[in-house]
Amino acid sequence: MRSDSPVSSRSDGRSNFGRQMLDNDSNGMYGIGGAMLPIFLNDLQHNNDQDLVEVTLELENDSVLLCSVTPTVNNNNNNSSRYHNHFGSQSPATSSRFRRKFTWLRSSSSRGSSSDASVDRVIMASRDARKLKARLIRDRSSAQRALGGLRFISKTTNDSDVNELWMNVESRYARLAKDDGLLAREDFAECIGMADSKEFALGVFDVLARRRQQKLGKITKEELHDFWLQISDQSFDARLQIFFDMADSNEDGRITRDEIQELLVLSAAANRLLKLKEQAEEYASLIMEELDPENLGYIELWQLETLLLQREAYMNYSRPLSIASGGWSQNLNSLKPKSVVHRLTLFVKWVLIENWQRTWIMLLWFITMACLFTWKFKQYRNKAAFHVMGYCLTTAKGAAETLKLNMALVLLPVCRNTLTFLRSTRARFFIPCDDNINFHKIIAVAIGFGIVLHVGNHMICDFPRLVNSSPEKFALIASDFHNKKPTYKELIVGVEGLTGISMVILMAFAFTLASRHFRRKLLKLPSPFDRLTGFNAFWFSHHLFGLVYILLLIHGSFLFLVHNWSQKTTWMYISVPILIYAAERSLRTGRSEHYSPKIIKVSNLPGDVFSIIMSKPNGFKYRSGQYIFLQCPSISRFEWHPFSITSSPGDDYLSVHIRTVGDWTQELKQVLTDDAGSACTIGRAKFKKLGEVDSKGLPRLLLDGPYGAPAQDYKNYDVLLLVGLGIGATPFISILRDLININRTVEDQTDSNTETSISGDSLTSVASSSSASTNEKKKQKRAKSANFYWVTREPGSFEWFKGVMNEVAEMDHKGQIEMHNYLTSVYEEGDARSTLITMVQALTHAKHGVDILSGTRVRTHFARPNWREVFSKVASKNPNSTVGVFYCGMPVLAKELKKLSYEMSHKTSTRFEFHKEYF
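Fair warning: this is a prediction, and the values are worked out from it, not measured in the lab.

A. Seen up close, the overall build of the protein. Within the protein, the secondary structure is distributed over 34 helices and 20 strands. For the protein, the residues scored as buried account for 49% of the 919 residues in total. A fraction of 72% describes how many contacts in the protein between residues 6 or more apart in sequence connect residues 24 or more apart. In the structure as shown, the protein presents an accessible area of about 45,000 Å², 55% of it carried by carbon and sulfur atoms.

Following this line, the structure appears as structure tokens:
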């Protein structure tokens, strides 16, 4: 049956199916990019009257037969030529029969061999057409882009660097070669610098050996050099051929699904992705579905080439489905000040804004110490004792006055409740609360210098001068010593001497154990001295300062040359700070007894991490980014350990994520989650679903907090750049949750204002007054967007906050939150060891919208971020804005981020303010 319509068939129902097939084909289902990438074939896109064709289909049992494809009378010769290219060399009027099976049509009927041969011809014609199209779209620029996506050695692209690398290979060859001068196959990976990917390197070795038509177990240096030249070849075709041959183990020029699966397993092993190895079969089928739409069961070199040439297109297609960067097209150079004067102005402005709080505090402190030292120095310079002991006495007394001040000030930076309160007041604009520990350390150093000056001058200068003074000179101060010249021993063993020496010993012990090498166990001491290292030794030794302050009060009450109580000013300096600190400790003790939360759920997570979900105590209020202290009395009644809060202030529960890195956290995990008996386990707990807890043997947890942290000030910035390293992501998870809750509340409020139907339960989350809540949001929420970068080494770490990432992806309709996951255990994108994984990741993301590594909608990047590029993009996207850079992780990366914050602040119109937390 003929028809003037573009598609005709033997019935109306079949006509619709035929039209659907043609539409699918015209939408690129069998285009160059495969089944999922929307690359439109120009030949089949036109729907005008000039390009209509008449297609006759026959539906028979489980097959669709293409009877004929004939151009309409309006088609010109060009159209016929295009038709000729796509459907083979036969005449357009010739009735070719195309049969395609569908799994949803079941029939046991047999078909003739002539029909099968016709099917094969048309299928091969379809593949040849795609091959021809692939050759046409390949050009030099696309090959150059693909070249960066397939490397067997470093990022090197110039010959000199390759030669330098070869010199390193030669030196390793000299070390690894056997007595016979041959390099064993098993040492090839280490020799070429791929020791951490031995299986993958051996696959390359076998490919190169097969090219020589040999099965080699050992190679000479000349053969090694030949291998090296091939894997370091700068041409895309050479690299592609090696990659193809690694999969084509039987050397038939075709890759089957099983061979792709083997290469996927090899790549997964090289990148330590155990989960990917388990799903290699599924992902191999996905690649075959993409590259082999004709279902021939194999792919050829040109199809793999197409996949790599279309790499950027696949990545770009998957990107909108994930939470990824967009709108970076603005040129960063346009933001740079052109004038030198302008740059200098911005630099001075940044320095003043960044450091003015620290500067005025340090200046005030230095001036105060200088004034006290000078005042006391002059005071004793005018006393009779000066004629006996000279400047040794005046220096010792001046240092003593600064010691009184610093012994008072050193307590204030560790008053956490006071600092947390100051963060919520206008005082935060004048006091650098984030630098409290640094200021505490600086004061401790000043105390050390003061002790050296004070004690040193007494012990080796003025005491000997007093003991050896002439009777005439001693007569000037004899009344201060009951008219009896003291001996050196009497000066040392007296109240003043004993208390002073005792304080020096206690503080020296505490200062030593507080140093980095002792506190972080960097020193390996023999038993039992190894107990002097670690956090516990630091924590308990610092409590010796309670005794030090008692001795200081006694020491200040028994001065040699002062008899009037009003001139004994030690108690005046330290009484108020001691009262504040004592009140803080009392508050913490009482609050911890009151805040005894009920444990709701404990979960074991990958990467030696476990989470605790607790009930929120009555009256417990906190901000995102703050932290709490936890104590488990069944483990220790003295140890408190800090942990960032990962739940949002709007949640009805409290959660923390804990990494087991010390003895206390390991025992806490064992007490909470281990069912097997153990001698070191004190308590037991069995946990079921959320809210179902067997309280028998449940350990008690005490909670202290919340305490202020730099991240809690995130609302004070226009844009957020949150960087978490491993478990350092915990304070930012609470911020993301809070932003989600704010967005949800704003959306609910908008729906309420526009009379959108809303449930009664949802109304409880909206403020009673719409205008009042809107004003409150304006006051609280300043951050317009957030950029979260999470860098982790373990693929299983994504399980920690999988729910949060999915929730952000679903709730962030305006794209205000950008999440970027970086997995450092995987080789960077472009390395041959991760090329196939990158392709599978993009294909899966494009098809399902889920990342194969994180299991979320957020696409995972490989290796480490280029932080300079990250800062440049943020600056380019947010000109004339203030960006709050918050980092939590190891100190090494903090230095780089702080340096970039400084550089980008005076190179662009965007100001970056850096804040850090260490774990």
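Once the structure has been displayed, the description carries forward.
B. Main features of the pairing of strand E16 (residues 785–792). Within E16, eight of the eight residues are buried, leaving the element largely enclosed by the surrounding structure. Where strand E15 (residues 719–725) and E16 come together, seven bridges link them in parallel fashion. Residue pairing in the sheet places Val719 in a bridge with Ser785 of E16.

C. Looking closely at the packing of helix H25 (residues 545–557) against helix H26 (residues 570–594). One can describe the packing of H25 onto H26 by two numbers: an axis separation of 9 Å at closest approach and a directional angle of 155°. Here H26 runs roughly antiparallel to H25, going by the angle between their axes. Crossing of H25 against H26: the hand is left-handed. Two secondary-structure elements touch here, H25 through Tyr549, Leu552, Leu553 and Gly556 and H26 through Thr570, Trp571, Ile574 and Ile578. Grouping the amino acids of the contact of H25 with H26 by side-chain chemistry returns six nonpolar, two polar and no charged.

D. Quick look at the confidence of the model for the protein. Averaged over the protein, the pLDDT score is 75; the fraction of residues at 70 or greater is 72%. Here helix H29 (residues 760–763) stands out as the least confident element of the protein, with mean pLDDT 33; helix H17 (residues 391–409) is the most confident, with 94. The low-confidence segment residues 317–336, where pLDDT is below 50, has 57 contacts with residues more than four positions distant or belonging to other chains.

E. Focus on the sheet that holds strand E9 (residues 627–631). Spatial strand order, E10-E9-E14: three strands in an open sheet with antiparallel pairing. Only two strands of the sheet have a single partner each, and these edge strands are strand E10 (641–644) and strand E14 (702–707). Each strand axis lies, on average, 30° off the axis of its neighbour in the sheet, ignoring direction. In terms of strand pairing, E9 meets E14 through four bridges, oriented antiparallel. By the bridge assignment, Tyr627 is partnered in E14 with Tyr707.

F. Main features of the sheet that holds strand E18 (residues 860–862). Taken in spatial order, the six strands make up an open sheet running E18-E17-E16-E15-E19-E20, and their pairing is parallel. Each edge of the open sheet is held by one strand with a lone partner, namely E18 and strand E20 (911–918). Averaged over all neighbouring strand pairs, the angle between strand axes comes to 20°, with direction disregarded. Sheet topology note: the strand E17 (residues 817–823)/E18 ladder contains three bridges and is parallel. Its bridge partner lying in E18, Asn821 is registered against Thr860.

G. Highlighting a positive patch on the surface. A cluster of like positive charges, contributed by Lys441, Arg516, Arg520 and Lys895, occupies part of the molecular surface. Within the secondary structure, Arg520 is located in the loop between helix H23 (516–519) and helix H24 (535–542). Here Arg520 falls in the partly exposed class, since its relative accessible area comes to 38%.

H. Just the packing of aromatic side chains, in detail. If you walk through the whole model with that rule in mind, you get 30 aromatic pairs. Centre to centre, the rings of Phe386 and Tyr391 are 4.9 Å apart; their planes meet at 80°, and the pair counts as edge-to-face. A relative accessible area of 11% means that Phe386 is categorised as buried. Measuring from ring centre to ring centre gives 5.8 Å for Trp790 and Trp800, while their planes differ by 40°; the resulting arrangement is tilted. Of this pair, Trp790 sits in strand E16 while Trp800 sits in the loop between E16 and helix H31 (802–811), placing them 10 residues apart in sequence.

I. Layout of H24. Among all positions in H24, only Ala537, Phe538, Trp539 and Ser541 are buried. Looking at the packing, one finds that the buried side of H24 touches helix H18 (416–423), helix H22 (495–514), H23 and H25.

J. View of the environment of Ser905. Mapping Ser905 onto the fold places it in helix H34 (residues 891–907). In the structure, Ser905 is positioned 22 residues away from Val883 in sequence and 9.5 Å away in space, judged by C-alpha atoms. A distance of 2.9 Å separates a polar side-chain atom of Ser905 from the backbone nitrogen of Phe912.

K. Region of the structure containing H34. Over its 17 residues, H34 extends 25 Å from the first C-alpha to the last, a length consistent with the 24 Å expected when each residue adds 1.5 Å. Three or more residues of H34 are buried, namely Leu893, Ala894, Leu897, Leu900, Ser901, Glu903, Met904, Ser905 and His906.

L. A look at unusual backbone geometry. A cis amide bond links Ser527 with the next residue in sequence, Pro528, at an omega value of 5°. Mapping Pro528 onto the fold places it in the loop between H23 and H24. Cis geometry is adopted by the peptide bond preceding Pro706, which originates at Gly705 and carries an omega value of 0°. Among the structural elements, Pro706 can be located in strand E14. A positive phi angle is found at Arg272, which is not glycine, with a value near 55°. As for its position among the elements, Arg272 is in the loop between helix H10 (257–270) and helix H11 (274–278). Taking the relative accessible area as the measure of exposure, Arg272 reaches 45% and is therefore partly exposed. Positive phi values are uncommon outside glycine, yet Asn880 reaches one of about 55°. Along the chain, Asn880 falls in the loop between helix H33 (867–877) and strand E19 (882–889).

M. Highlighting the pattern of salt bridges. According to the stated counting rule, one finds 20 salt bridges in the structure shown. Salt-bridge contacts for Asp245 lead to Arg211; the nearest nitrogen and oxygen are separated by 3.4 Å. A residue pair is termed long-range when its members are at least 10 positions apart, and Asp245 in helix H9 (residues 236–247) and Arg211 in helix H7 (residues 198–211) qualify at 34 residues. On the basis of relative accessible area, Asp245 is assigned to the buried category, the value being 15%. On the basis of relative accessibility, which here comes to 36%, the residue Arg211 falls in the partly exposed class. One salt bridge in this structure joins Asp713 and Arg423, with 3.5 Å as the shortest N-O distance. Within this pair, whereas Asp713 is found in the loop between E14 and E15, its partner Arg423 is found in helix H18, the two being separated by 290 residues in sequence. The two residues Asp713 and Arg423 agree in class, both being buried.

N. Fine view of the packing of H10 against helix H32 (residues 832–848). Where H10 contacts H32, the two axes come as close as 8 Å, and the packing angle between them is 110°. Taken as axis vectors, H10 and H32 run roughly perpendicular relative to one another. The way H10 lies across H32 gives a crossing that is left-handed. Note on element contacts: H32 touches H10 through Arg833, Leu836, Ile837 and Val840, opposite Ile260, Leu263, Leu264, Ser267, Ala268 and Ala270. The class makeup of the residues in the contact of H10 with H32 is eight nonpolar, one polar and one charged.

O. Broad picture of the nonpolar core. Formed by 93 residues in total, the largest nonpolar core has its most connected members in Phe152, Phe188, Phe200, Leu224 and Phe788. With residues up to four places along the chain from it excluded, the contact list for Phe152 reads Met194, Phe200, Val204, Ile231, Arg239, Ile242, Phe243, Met246 and Ala832. Grouped together as the second largest cluster of nonpolar side chains are 26 residues, Ala446, Leu506, Ala510 and Phe545 included.

Reading guide: rules and limits
- Within every chain, residues take consecutive numbers counted from 1 along the sequence as written.
- Residue-level local features of this predicted model are given only where pLDDT is at least 70; pairs of side-chain atoms are given and counted only at 80 or more, and the full residue set underlies all totals for whole chains, interfaces and linings.
- Derived side-chain values reflect all non-hydrogen atoms in the structure, with water molecules and hydrogen atoms excluded from consideration.
- Secondary structure elements are defined from DSSP: runs of H or I of at least 4 residues count as helices, runs of E of at least 2 residues count as strands, and each element is numbered from the N terminus.
- Relative accessibility thresholds used throughout: buried, under 20% of the residue-type maximum; exposed, over 50%; partly exposed, between the two (1.4 Å probe, protein chains only).
- Here, two residues are considered to be in contact whenever any of their heavy atoms come within 4.5 Å of each other.
- Where accessible areas are quoted, they stem from the Shrake-Rupley method and a 1.4 Å probe; at the residue level, only the protein chains shown are allowed to cover.
- Here a strand pair is declared whenever DSSP counts at least two bridges between the two strands.
- The convention used is that axes are lines fitted to C-alpha atoms, helices contributing only their stretch in contact, and that angles between N-to-C directions extend from 0 to 180 degrees.
- Here the angle decides the label: under 35 degrees means roughly parallel, over 145 means roughly antiparallel, 65 to 115 means roughly perpendicular, and every other value means oblique.
- Crossings are assigned a handedness: left-handed for a near helix turned anticlockwise from the far helix by less than a right angle, right-handed for a clockwise turn.
- Residues are grouped as follows: Ala, Val, Leu, Ile, Met, Phe, Trp, Tyr, Cys and Pro are nonpolar; Asp, Glu, Lys and Arg are charged; all remaining types, including Gly, are polar.
- One confidence number per residue, pLDDT, is output by the predictor and ranges from 0 to 100.
- Only residues whose relative accessible area exceeds 30% and that take part in no salt bridge are eligible for patches, with like-charged residues grouped when within 9 Å of each other and nonpolar side chains (Val, Leu, Ile, Met, Phe, Trp, Tyr) grouped when within 5 Å.
- Take a side-chain nitrogen of Lys or Arg and a carboxyl oxygen of Asp or Glu: if they are within 4 Å of each other, that pair is a salt bridge.
- Counted charges follow a simple rule, with Lys and Arg positive, Asp and Glu negative, and His plus the chain ends left uncounted.
- By convention, the point assigned to a charge is CZ for Arg, NZ for Lys, CD for Glu and CG for Asp.
- Pairing of aromatic rings covers Phe, Tyr and Trp, the last counted by its six-membered ring, and requires centre-to-centre distances within 6.5 Å; plane angles under 30 degrees mean stacked, over 60 mean edge-to-face, and any other angle means tilted.
- Under this definition, polar contacts are N or O atom pairs within 3.5 Å; protein pairs additionally need one hydrogen-donor-capable and one acceptor-capable atom, and for neighbouring residues in sequence, both atoms have to be side-chain atoms.
- One less than the number of residues in a helix, times 1.5 Å, gives the span that helix is expected to have.
- To qualify as a nonpolar core, a set must consist of buried Ala, Val, Leu, Ile, Met, Phe, Trp, Tyr and Cys residues joined through side-chain atoms within 4.5 Å.

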